[in-house]
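Each chain is listed here by its residues.
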Amino acid sequence: MNTKCRVALPYITSYPEIATVLSIIDTKTSFPWLANWFLQIEAYRHQDGGLLLDYCIPDPFTSCPWILYEKISRAFIKSKWDSVTDFMIDAVNNGQVASFVVDTSRIGLYRNSHGYAGHTIMLYGYDTEKQLFSVGDNFAVSNKAFRFDVCSFAELESAYAGVTGFGDRTDWVHGVRLLSPKTLFDHGHGKFSHTYNWVFSKELFVALAEDFLYSRNSTRWFSNPRLTYSEGEYYYGLDCISYVIDVLRALRGEPIDIRGIFLLAEYAGLMEMRVSYLLENRMLPEGGLREKAQEIHEDMRRTLMLSLKYNFTEKQSILDSVLFRLEWFREALQSLMEELLADIDDFRL
């Protein structure tokens, strides 16, 4: 038997948890929600030269309006199923995509894993005849390319068992997340429907855009944060870009941690789509904003390509070019955000 849940490549692929949620929902319906929430970014201050940037958003599993979410502990799975393979097959048969921690060194798709490496993977299908699971992830951290692929039942069993819950082998998910598209929405007062439309909030956009510009902690807007944030532990907004620049200036022949550059390039692409959405829905005046957003996105894509090239060559001239482009990106993004705030304020309902 060959069965798969319906998935599609999402807009955001920097991290598997977010990609998993977004891959099972309709991109057109969900874009106003993305345009609202995925506006702020963050970076942990104490990375020892790492460039792990992320979106500063509510918990995607419990805040996304279009998914059903539940979590089952490893202990419960072990007590009720003969193997994790049987459990995953039952989950897919129930229309549920799974997200859980594995030891990537035990799965051949992760060719750059050496020794134990805990990481979350997405599972959305199976083929009992070929003994294969359908999975999705950024399998090669070196280029952050998210894709859908297959791994064997045996590999998945071993990788799942390799997370034993002590030392660095910690199951931070605390089991297996199960997700499926929501088909019935409770609108209150006994009213139900099979659809839900997120209404873009100009007030939320203004609040998060200002937080981005002034590098403020945006978690005060969250009713369900992903993490427990400590004040002073993170950079936010424009300070994240300055942090990346400072780290790259200190490089002495070392490779660039590509994760941060990839997220900035993805963020620029999302910003271009956001500007187009606001223009198409008459929330902004025409006046060159689309072209500015396109230029920023295209330049940041070139910066990502240059960063990958530098990691192969380690030529200082290429790193200098990356730094120059990042400084331009910071200034251009600041200017665009300021213009968006001024224009959307004039059009605010």
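Structure report, in brief. Quick caveat: nothing in here was measured; it's all calculated off a predicted structure.

### As for the sheet that holds strand E3 (residues 53–55)
Here is step 1 of the chain: The three strands are arranged E3-E2-E12 in an open sheet whose pairing can be described as antiparallel. Here the strands that pair on one side only, and so sit at the sheet edges, are E3 and strand E12 (234–236). Across the sheet, the mean angle separating the axes of adjacent strands is 30° when strand polarity is ignored.
Here is step 2 of the chain: Pairing analysis gives three bridges linking strand E2 (residues 41–44) to E12, with the strands arranged antiparallel. Each bridged residue has a counterpart across the sheet, and for glutamate 42 the counterpart in E12 is tyrosine 236.

### Structural notes on the pairing of strand E9 (residues 176–181)
Here is step 1 of the chain: Within E9, five of the six residues are buried, leaving the element largely enclosed by the surrounding structure.
Here is step 2 of the chain: As paired strands, strand E4 (residues 67–72) and E9 are joined by six bridges and run antiparallel to one another. Following the sheet pairing, isoleucine 67 is matched in E9 by proline 181.
Here is step 3 of the chain: Relative to E9, strand E5 (residues 97–103) runs antiparallel, the two sharing three bridges. Looking across to E9, one finds that alanine 98 is bridged to leucine 178.

### Brief notes about the pairing of E2
It is a general feature of regular strands that their side chains alternate between the two faces of the sheet.
Here is step 1 of the chain: Pairing of E2 with E3 involves three bridges; the strand directions are antiparallel. Bridge assignment links alanine 43 to a residue of E3, and that residue is leucine 53.

### Some points on the environment of proline 181
Here is step 1 of the chain: Residue placement: proline 181 occurs in strand E9.
Here is step 2 of the chain: Overall, proline 181 belongs to the partly exposed group, its relative accessible area being 40%.
Here is step 3 of the chain: On a C-alpha basis, the gap between proline 181 and tryptophan 66 in space is 6.0 Å, while along the polypeptide they are 115 residues apart.
Here is step 4 of the chain: Sequence-distant contacts of proline 181, defined by excluding residues within four places in its chain, comprise Ile24, Trp66, Leu68 and Gly95.

Conventions and cut-offs
- Residues numbered from 1 in each chain as written.
- Predicted model: local features only at pLDDT ≥ 70, side-chain atom pairs only at ≥ 80, totals over all residues.
- Heavy atoms only, no water.
- Pairing = 2+ DSSP bridges.
- Helix = DSSP H or I, 4+ residues; strand = E, 2+ residues; numbered from the N terminus.
- Axes fitted to C-alpha atoms, helices over the stretch in contact; angles between N-to-C directions.
- Buried < 20%, exposed > 50% of the residue type's maximum accessible area, 1.4 Å probe, protein only.
- Contact = heavy atoms within 4.5 Å.

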